[in-house]
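# Chain and residue survey
What follows is the residue order along each chain.
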Amino acid sequence: MVLSLVACAALISFPLLLLTYPSAANTGFTLLLMWCLIALALQRRAGLASWREMLRTYWPMVAAMASLPAALLLRNVFSGEAPDVPYLYLRFALFALLAWGLAQLGRRALQGMQWGLVAGAIVSAVWIHTMAEHGRPNHVGINNVIPFANLSLLMGMLALISIGWDRRGQVAAAGAKLLAGAAGLYTSYISATRGGWIAIPVLLLIVLMVMRKWSVRLRAGLLVVLVGGMAIAGYCSDIVRTRVHEAVANINAAISSQAIDAAVPVQTGLDTSEGWRLQLWKASLDMLKSHPLTGVGHDGFEPALHAMAGSGFVTPATAQFGHSHNDILYIGATQGIPGILAVLALYLVPAAFFLRHVRSRDPVTRGAATMGLATSIGFLLFGLTEAMFIIAMTNAFYTLLIATCFAMVVAPRATAEPPAQPDRRAVAA
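Definitions and limits used
- Residues numbered from 1 in each chain as written.
- Predicted model: local features only at pLDDT ≥ 70, side-chain atom pairs only at ≥ 80, totals over all residues.
- Heavy atoms only, no water.
- Helix = DSSP H or I, 4+ residues; strand = E, 2+ residues; numbered from the N terminus.
- Rg over C-alpha atoms; globule rule 2.2 N^0.38 Å.
- Buried < 20%, exposed > 50% of the residue type's maximum accessible area, 1.4 Å probe, protein only.
- Areas by Shrake-Rupley, 256 points an atom, 1.4 Å probe, with all protein chains shown as cover.
- Patch = residues over 30% accessible without salt bridge, like charges linked within 9 Å, V, L, I, M, F, W, Y side chains within 5 Å.
- Salt bridge = Lys/Arg side-chain N within 4 Å of Asp/Glu carboxyl O.
- Contact = heavy atoms within 4.5 Å.

### Here's the deal with the overall build of the protein chain
Scanning the protein chain from terminus to terminus reveals 20 helices and two strands. Its C-alpha radius of gyration of 23 Å places the protein chain within 12% of the 22 Å reference for a compact globule of 429 residues. In terms of its C-alpha atoms, the protein chain occupies a principal-axis envelope of roughly 100 × 55 × 35 Å. A buried classification covers 51% of the 429 residues belonging to the protein chain. Entry remark: accessible area of the protein chain is about 20100 Å², with carbon and sulfur atoms responsible for 66%.

Here it is as structure tokens:
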């Protein structure tokens, strides 16, 4: 009983701690893993049998979540290196243990995570608001502003989805979740993270999917109104207007720039946020082309980038980056084609699993599936302009959220309430 309470507390507090005290969140993640191991040990043969049954039934999910560390091991074999999978990636392979152990807590306990998401979105909005008084911050605490804003946005959208779990009359709960949704949007807005802005319409569409009582036409109209309203508000905002105009100008300048001169330290049009990304993506594709099966390895990415800067393939300033600002391209550059297939499986297999359950009549299943779908698609969109999976806090969030939503979908439902007894007076009459 005590262990399960500790596990529930770690699960609920994880989203908030992830943004404010990452080391404490890592401790919570470890506590959850310990709970899963203890639960497996206590149940002995029955526990092992149910775990094997989960692996047998849901092997595509288990394989997809373990695909990235498996691809890294495969690269070690192809390269003739000793097997070496850092915990950063090994965490994905722990999905099978986490999902089984979390399911033992029960669906009602797992639903408690919604309040950690609410608190995380609201606190992050307040925090970045204080940090942005003197302009856009590069970091919020120890966190880079881009993944910080992306996670806050996603937490806000997941909080909105969880409104589907509320009963009629729970106005305070729904109000807190609406505030969390607004807070997530505000964090994304004030952070000026354009990659996150791209995901907003898609995440809002997923949020509307859970509102089954509304007609398709009404939900489509509401989406148009919301996105249109945000577009108009953005056009009236100096932050959005400046960032959008800046992006368009930088992309045009980068495309029209002349050949790179390696002797020139600064290249107008190329040494901008957009110009660097375009060069990093070009360099990553070149690394993949040169090493299609193995990539250049994580330790080889920066040396390869410096060599490209020396030859004039990219600008010298581009060599300052340690990743591609794109998950698929970075993993392709460092792990080859097997890595690309693995990261695509990491996104798409969970998305397909949850998509099959978003029309469930059971509100808990429907809400959990919609949250899982939003998490997988959200990370796919965030990963187009930022390397999310090379950051410890973001891949821990992905693994735990997918495992929690999966556990709520597959865990046995609560025992149905007994049928109501007939009214004795009516029978007597």
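### Side note on a nonpolar patch on the surface
Together, Val2, Leu3, Val6, Leu31, Met34, Ile38 and Leu42 make up a nonpolar patch on the protein surface, roughly 620 Å² of accessible area in all. Elements with a contribution of two residues or more to the nonpolar patch: α1 (2-20) and α2 (22-57). A total of four residues in the nonpolar patch trace back to one element, the largest contributor, which is α2. Looking at the secondary structure, you find Leu3 in helix α1.

### Here we look at the side chain of Ser376
Examined against the element boundaries, Ser376 turns out to sit in helix α18 (residues 363-382). Given a relative accessible area of 0%, Ser376 falls into the buried group. Once residues within four sequence positions are removed from consideration, Ser376 is found in contact with Tyr347, Pro350, Ala351, Tyr398 and Ile402.

### Details of the environment of Leu401
Tracing the chain through its elements places Leu401 in helix α19 (residues 392-410). Taking the relative accessible area as the measure of exposure, Leu401 reaches 1% and is therefore buried. Sequence spacing of Leu401 and Ala10 is 391 residues, and the spatial spacing of their C-alpha atoms is 13 Å. If we skip the residues at most four places from it in the chain, Leu401 touches Met113, Leu158 and Thr375.

### Details of unusual backbone geometry
Positive phi is not limited to glycine here, since Ala192 has a value of about 55°. By secondary structure assignment, the location of Ala192 is in the loop between α10 (171-191) and α11 (194-209). Phi at His325 takes a positive value of approximately 55°, unusual for a residue other than glycine. When you line up the elements, His325 lands in the loop between α15 (301-311) and α16 (327-335).

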